[in-house]
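Coordinate analysis (summary)
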Amino acid sequence: PDYHGNPGPPPPKVIVQRCLAGRSLTHVRAGCVVCGYLKVLPMFLMVLPGMAARVLFPEVVGCADAQGCRRACGTPVGCSNVAYPRLVLTLLPPGLRGLMLAVVLAALMSSLASIFASAGALFTLDVYQRLRPRAGARHLLMAGRLSLGGGVLWIVAMVGLSLAWLPVVEAARGGQLFDYIQAIASYLAPPVAAVFFLAVFVPRVNEPGAFWGLLGGLGLGLARLVPEFALGTGTCGSPGRCPPLVCGLHYLHFAALLFLATGLIVIGVSLCYPPIPRQHLHRLVFSLRNSREPRIDLDRQPPKDGAGDVQLRDVEAEPAGQGVEPVGQGAGPPGKGAGADPPAPPPEEPVWSRVVDVNALILMAVAFFLWGYFA
């Protein structure tokens, strides 16, 4: 979504929440590039400690056979899961151990806070407001707070389900948590990435293409995920029961093919339906990113007659037409009518825009090099 709340294939909401606080588009892009640089650090934070643990604890992390690994950590396929905890518990003094625990809990609380806020906003604006369309801002605020209370119970239930899911993890990837996480992402994330990529770079893509692309990609991913988890992939010593035709391809290669298949579905279905008019795409696709023409929102509702239409305001809802400018979707700046188009964002500064673009290219080059060199 963009700054005016227009719908689209969104990135994760925890990122969108931060981006919406940016002063300008340049600030938002620069923040994403800085986060991209920081995202490179976990590569070394995971690889280098693992290599160090293998050297320091060769009998545990570097176990050579299934019997030795089973004696060391209870898992015959390897003991890489205990590498980082063994380093923390063995090398760090008690004070730094507590600091590490505080860091982990802080990161967890930050993620949960973003998830709770997103869940409350989704429930309030997409569900509750449709059930109570005349609810004021205070009413919606209380509904959002109450939904957060229910979200805590939901999180507790999800934690219990996660604990019950541990045997499935052990059966799917031999207990290798990192492989399990990457496999899940390879089966479920490529359709979303393909739809988002095409929606930004291909103006011909429309809503039916995105919808059926997501469904088709999800179906293909589940066709690989369900047999692999139900039958198991096995190990070198004991092959699993999953047929090689389904599970024989490496999950990273499967992710690449799934991305391409989803893209073909999106483009094929989009060509069967009328394209989105250009007037709705200004500054929403890459080819029109510098357009200065006004954009018309696809979801704009025609104005209703009468004074019964209630709009959201900062404090409480007031009927339109009583001398107060309504603020809502499609509302213009002060002094214009409620049906006026939102103004175009201010132009970016050319110097800083080029600085951000150059850093983005450098970041992509570094990411490709690291991926190719280590993977």
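Look up a bit, the structure's there.
If you're wondering where the values come from, they're calculated on a predicted model, not measured in any experiment.

Moving on to the packing of aromatic side chains. If you walk through the whole model with that rule in mind, you get six aromatic pairs. Summarising the aromatic geometry, the rings of F201 and F286 are spaced 5.2 Å apart at their centres and angled 40 degrees between planes, so their arrangement reads as tilted. Taken as a pair, F201 in helix α7 (residues 177-201) and F286 in the loop between α10 (251-271) and β1 (310-311) lie far apart in primary sequence, 85 residues in all. Under the relative-accessibility criterion, F201 is labelled partly exposed at 44%. Residue classification places F286 among the partly exposed positions, given a relative accessible area of 40%. Centroid distance F211 to W212: 5.2 Å. Interplanar angle 80 degrees. Geometry classified as edge-to-face. A cation sits over an aromatic face here: R86 above F57, 5.8 Å from the ring centre. Its end group placed over the ring of F254, R224 keeps NZ or CZ at 5.3 Å from the ring centre.

It is at 8 Å that the axes of α7 and α10 come closest, and there the two elements cross at 25 degrees. Relative to α10, the element α7 is oriented roughly parallel. The handedness of the crossing between α7 and α10 is right-handed. Residues D179, Q182, A183, S186, Y187, P190, P191, A193, A194, V195, F197 and L198 of α7 form the contact with α10, whose participating residues are Y251, L252, F254, A255, L258, F259, T262, G263, V266 and I267. Split by residue class, the contact of α7 with α10 holds 17 nonpolar, four polar and one charged.

On to the nonpolar core. Side chains of nonpolar character tend, in soluble globular proteins, to be buried together. The biggest cluster of nonpolar side chains holds nine residues, and these are A53, F57, V60, V61, C63, C69, C79, A83 and L87. Beyond its immediate stretch of four places on either side in the chain, F57 contacts G62, R86, L87 and T90. One finds Y187, F229, F254 and L258 within the second-largest nonpolar core, a separate group that totals eight residues.

This part takes up a nonpolar patch on the surface. Taken together, the side chains of F44, L48, M51, F369, Y373 and F374 define a hydrophobic patch exposed on the protein surface, amounting to about 670 Å² of accessible area. Residue assignment for the nonpolar patch shows that the elements contributing at least two residues are α2 (25-56) and α11 (350-374). Tracing the sequence through the fold places M51 in helix α2.

Time to look at the environment of Y37. Assignment of secondary structure puts Y37 in helix α2. The sequence separation of Y37 and I362 amounts to 325 residues, and the corresponding C-alpha distance is 9.7 Å. Non-local contacts of Y37, meaning those with residues more than four positions away in its chain, are made with N359, I362 and L363. A distance of 3.2 Å separates the side chain of Y37 from the backbone oxygen of N359, its partner in a polar contact.

Conventions adopted
Residues numbered from 1 in each chain as written. Predicted model: local features only at pLDDT ≥ 70, side-chain atom pairs only at ≥ 80, totals over all residues. Heavy atoms only, no water. Phe/Tyr/Trp six-rings, centres within 6.5 Å; stacked < 30°, edge-to-face > 60°. Helix = DSSP H or I, 4+ residues; strand = E, 2+ residues; numbered from the N terminus. Buried < 20%, exposed > 50% of the residue type's maximum accessible area, 1.4 Å probe, protein only. Lys NZ or Arg CZ within 6 Å of the ring centre and 35° of its normal. Axes fitted to C-alpha atoms, helices over the stretch in contact; angles between N-to-C directions. Parallel < 35°, antiparallel > 145°, perpendicular 65-115°, else oblique. Left-handed = near helix turned anticlockwise from the far one by under 90°. Contact = heavy atoms within 4.5 Å. Nonpolar A, V, L, I, M, F, W, Y, C, P; charged D, E, K, R; others polar. Core = buried A, V, L, I, M, F, W, Y, C linked by side-chain atoms within 4.5 Å. Patch = residues over 30% accessible without salt bridge, like charges linked within 9 Å, V, L, I, M, F, W, Y side chains within 5 Å. Areas by Shrake-Rupley, 256 points an atom, 1.4 Å probe, with all protein chains shown as cover. Salt bridge = Lys/Arg side-chain N within 4 Å of Asp/Glu carboxyl O. Polar contact = N/O pair within 3.5 Å; in protein donor to acceptor, adjacent residues only side chain to side chain.

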